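Listed below, chain by chain, are the residues.
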Amino acid sequence: MTGKTAPPAKKPAPAAAKKKAAPAPKEKAAPAPKEEAAPKEEAAPVPKEEAAPKEEAVPKEEAAPSPAAEEPSAPTEPAPTPPEAGAEATPAPEEGSPAPPAEPPAPEPEPEPEPEKPKEEPPSSPLSLAVEEVSENSFTLTWKAPEHTGKAGLDGYVVEICKDGSSDWKAVNQEPFLSTRYTIPNLSSGDKIHVRVTAVGASGSSAPATLEQPVLIREILQLPKIRMPRHLRQTYVRRVGDAVNIMIPFQGKPQPQVTWTKGDQPLDTSRVNIRNTARDTIFYIRQAQRGDSGQYQLCVRINGAEDKAILDIQVVEPPGPPQNLKLVDVWGFNVALEWTPPADNGNAEIKGYMVQKSDKKSGKWFTVLERCTRTSCTISDLIIGNTYSFRVFSENSCGLSDSAAVAAGVAHIEKTKTTYQPEKITLRDMMEPPKFTQPLTDRTTTRGYSTHLFCSVRGFPQPKIIWLKNQMEIREDPKYIAMIEQGVCSLEIRKPSPFDGGVYTCKAVNALGEASVDCRLDVK
């Protein structure tokens, strides 16, 4: 089949084949059909002879014939007219013309290129872009970091602005910055400004986050309002010599006028320093004195609107000692003291007094009472024979007084002379004859089951107990166990039989007399 075997003849193109193919054009085209019949006998050599004339018949411009031109030469067709007509249409090259160049060998397959690494995605857009504050010549923006920042992270943000009606965007910052808050200054009042923020990273820039509406540059009026901190809403207490440094924030636009007064009079600038900003005022005293105590009035005013607040400062110090301490009375192991409040309370309420004692032998002071709220007290449990001195301190919120009031006198606890007189005790006659307080009771028991008889007796001296059966004394018989404890008498009869039935008697005998009780026992 020439349609399938002809193409392999094009791949080998040795120089010898070219030289042998040169005289081929001299032969007539008529014998070509005879050669085509050869494939029936020898299929392999016939395609080689036919390949040369076909290659010569193609001019240089058409060195590579299309596969469509070779298809009509299929051996299944009975008439070779289509190939001959094709040969006549193509002008044969003249003698001595150079053979067409052989086809180059098939190139070796190139290695597969390595897959390209995926490029890093740029960061996503910043989130929640909003205007925080607008003034007459600037405004402040805030936003949140993007959700995706890339593997390398963010280099920063770039803020761009554009006036309303223009498309000329200008970057406000020269280099990217990482803060999510930015103030754009030096703007003209009345302008409308469009803003966008872009996140910049190593992998590129994000899509810009843009405000939906332009920002109008104008002053926003806001009524004055003092935001007094919670701890300053009550009396602010400091000790003498401490620094007073208080910051009170406020709000209002345009910037309000701040005024401090004390008792409707301007402040003494030699004692108090005031520093005001657009958002707060600072009240400062380097070393507080008691004269700095009082109520200070803060007023924040914008045109006709104002807001006021009161700052109450109390500067305290330790109080003075109590006055007129004296010993009122000494009796037994007790001492009574009295005194009066101190002349100087330290600019604070007196919370109580502390009382101490000192004995003459040791000379050391010991606290007896703390936070005594009265101006008198009684001290007890003093030791006989000792001599005591007493002192009292006063106390306020700043602490104890620096000195104490000492009692002028001393208290001596004397030894009292006592003579032991034994108490006369009347001797009671405890002698008593025996007497049964609980008699015996009749009992009925079952044969073979142990039983007990009980009674109780009293008497002094302790009576002797004798048990009898049918008026015969029970002696050391193992069948009977007799006991007495705390006046209770008991007789155990172990595994009685009908023979053990009868009348049992308990007799109590002492020096003053005797007594007896009896009962009947039946054994069934």
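All values reported here derive from a predicted model rather than from experimental measurement. (Residues numbered from 1 in each chain as written. Predicted model: local features only at pLDDT ≥ 70, side-chain atom pairs only at ≥ 80, totals over all residues. Heavy atoms only, no water.)

## Some thoughts on the overall build of the chain
In terms of regular secondary structure, the chain is built from six helices and 36 strands. Classification of the 524 residues of the chain by burial places 30% in the buried group. Of all intrachain contacts in the chain linking residues separated by at least 6 positions in sequence, the fraction that spans at least 24 positions is 63%. Accessible area for the chain stands at about 35200 Å²; split by element, carbon and sulfur atoms hold 51% of it. (Helix = DSSP H or I, 4+ residues; strand = E, 2+ residues; numbered from the N terminus. Buried < 20%, exposed > 50% of the residue type's maximum accessible area, 1.4 Å probe, protein only. Contact = heavy atoms within 4.5 Å. Areas by Shrake-Rupley, 256 points an atom, 1.4 Å probe, with all protein chains shown as cover.)

## Quick notes on the nonpolar core
One finds Val244, Ile246, Ile248, Trp260, Phe283, Leu311 and Ile313 to be the most contacted residues of the largest nonpolar core, which totals 22 residues. Of all elements in the fold, only strand 12 (244-253), strand 13 (257-262), strand 16 (280-285), strand 17 (294-302) and strand 18 (305-316) reach the threshold of two or more residues within this core. Other than its neighbours up to four places away in sequence, leucine 311 contacts Leu232, Ile246, Trp260, Phe283, Gly294, Gln295 and Tyr296. The next biggest cluster of nonpolar side chains, apart from the first, holds 20 residues, and it includes Val134, Phe139, Tyr157 and Ala209. (Core = buried A, V, L, I, M, F, W, Y, C linked by side-chain atoms within 4.5 Å.)

## Things to note about the pattern of salt bridges
A complete count under the given rule lists 14 salt bridges for this structure. Lysine 308 serves as the salt-bridge partner of glutamate 306, at 3.8 Å between the closest nitrogen and oxygen. Judged by its relative accessible area of 38%, glutamate 306 is partly exposed. A salt bridge links arginine 458 to glutamate 432; the nearest nitrogen and oxygen atoms lie 3.2 Å apart. With arginine 458 in strand 30 (residues 451-460) and glutamate 432 in strand 28 (residues 432-438), this pair connects stretches of sequence that are 26 residues apart. (Salt bridge = Lys/Arg side-chain N within 4 Å of Asp/Glu carboxyl O.)

## A word on the side chain of asparagine 510
Here asparagine 510 shows up in strand 35 (residues 502-510). Judged by relative accessible area, asparagine 510 falls into the buried class, the value being 12%. Within polar-contact distance, the side chain of asparagine 510 engages the backbone oxygen of glutamate 432 at 3.0 Å. Once residues within four sequence positions are removed from consideration, asparagine 510 is found in contact with Glu432, Pro433, Pro434, Gly459, Phe460, Pro461 and Pro463. (Polar contact = N/O pair within 3.5 Å; in protein donor to acceptor, adjacent residues only side chain to side chain.)

## Let's talk about a nonpolar patch on the surface
On the surface, Met430, Met431, Phe460 and Leu512 cluster together to form a nonpolar patch covering roughly 390 Å² of accessible area. Of note, methionine 430 is situated in the loop between strand 27 (411-412) and strand 28. (Patch = residues over 30% accessible without salt bridge, like charges linked within 9 Å, V, L, I, M, F, W, Y side chains within 5 Å.)

## Here's the deal with the pairing of strand 20 (residues 334-340)
When you tally the buried positions in strand 20, you get five out of seven residues, the bulk of the element. Pairing analysis gives six bridges linking strand 19 (residues 323-331) to strand 20, with the strands arranged antiparallel. In the strand pairing of strand 20, lysine 326 is matched with glutamate 338. The turn joining strand 19 and strand 20, which pair antiparallel and follow one another in sequence, is formed by two residues; a positive phi near 55 degrees is taken by glycine 332. (Pairing = 2+ DSSP bridges.)

## Quick word on the sheet that holds strand 15 (residues 273-276)
Ordered by their spatial adjacency, four strands build an open sheet running 10-12-16-15, and the pairing between neighbours is antiparallel. With partners counted over all chains shown, the strands left at the sheet margins are strand 10 (222-226) and strand 15, one partner each. Mean inter-strand twist for the sheet, computed between neighbouring axes without regard to direction, equals 20 degrees. Of the pairings in the sheet, the one linking strand 10 to strand 12 comprises three bridges and is antiparallel in character. (Axes fitted to C-alpha atoms, helices over the stretch in contact; angles between N-to-C directions.)

## Focus: the packing of aromatic side chains
In this structure the tally under the stated criterion is seven aromatic pairs. Taken together, a centroid distance of 5.1 Å and an interplanar angle of 45 degrees make the contact between tryptophan 260 and phenylalanine 283 tilted. Pair noted here: tryptophan 260 is in strand 13 and phenylalanine 283 is in strand 16, with a separation of 23 residues, a long-range link. For the pair formed by tryptophan 260 and phenylalanine 283, the shared burial category is buried. Note on phenylalanine 283 and tyrosine 296: the rings are 4.9 Å apart at their centroids and 70 degrees apart in plane angle, and the pair reads as edge-to-face. (Phe/Tyr/Trp six-rings, centres within 6.5 Å; stacked < 30°, edge-to-face > 60°.)

## Description of the sheet that holds strand 31 (residues 464-469)
A sheet is described by the order of its strands in space; here five strands give the open sequence 29-36-35-31-32, paired in mixed fashion. If you trace the sheet from one side to the other, it starts and ends with strand 29 (443-445) and strand 32 (472-473), each paired once. By the bridge criterion, six bridges tie strand 31 to strand 35 in an arrangement that is antiparallel. Looking at the pairing, isoleucine 466 lines up with lysine 507 of strand 35.

## Let's talk about the state of the cysteines
As enumerated under the stated definition, the model contains zero disulfides in all. Lacking any disulfide linkage, cysteine 489 is separated from the closest cysteine sulfur, that of cysteine 455, by 4.5 Å. (Disulfide = S-S within 2.5 Å.)

## Side note on the side chain of threonine 445
Looking at the secondary structure, you find threonine 445 in strand 29. Here threonine 445 falls in the buried class, since its relative accessible area comes to 10%. For threonine 445, the residues in contact, after removing those within four places along its chain, are Thr451, Pro496, Leu521, Asp522, Val523 and Lys524.

Any functional reading would require information beyond the geometric quantities listed.
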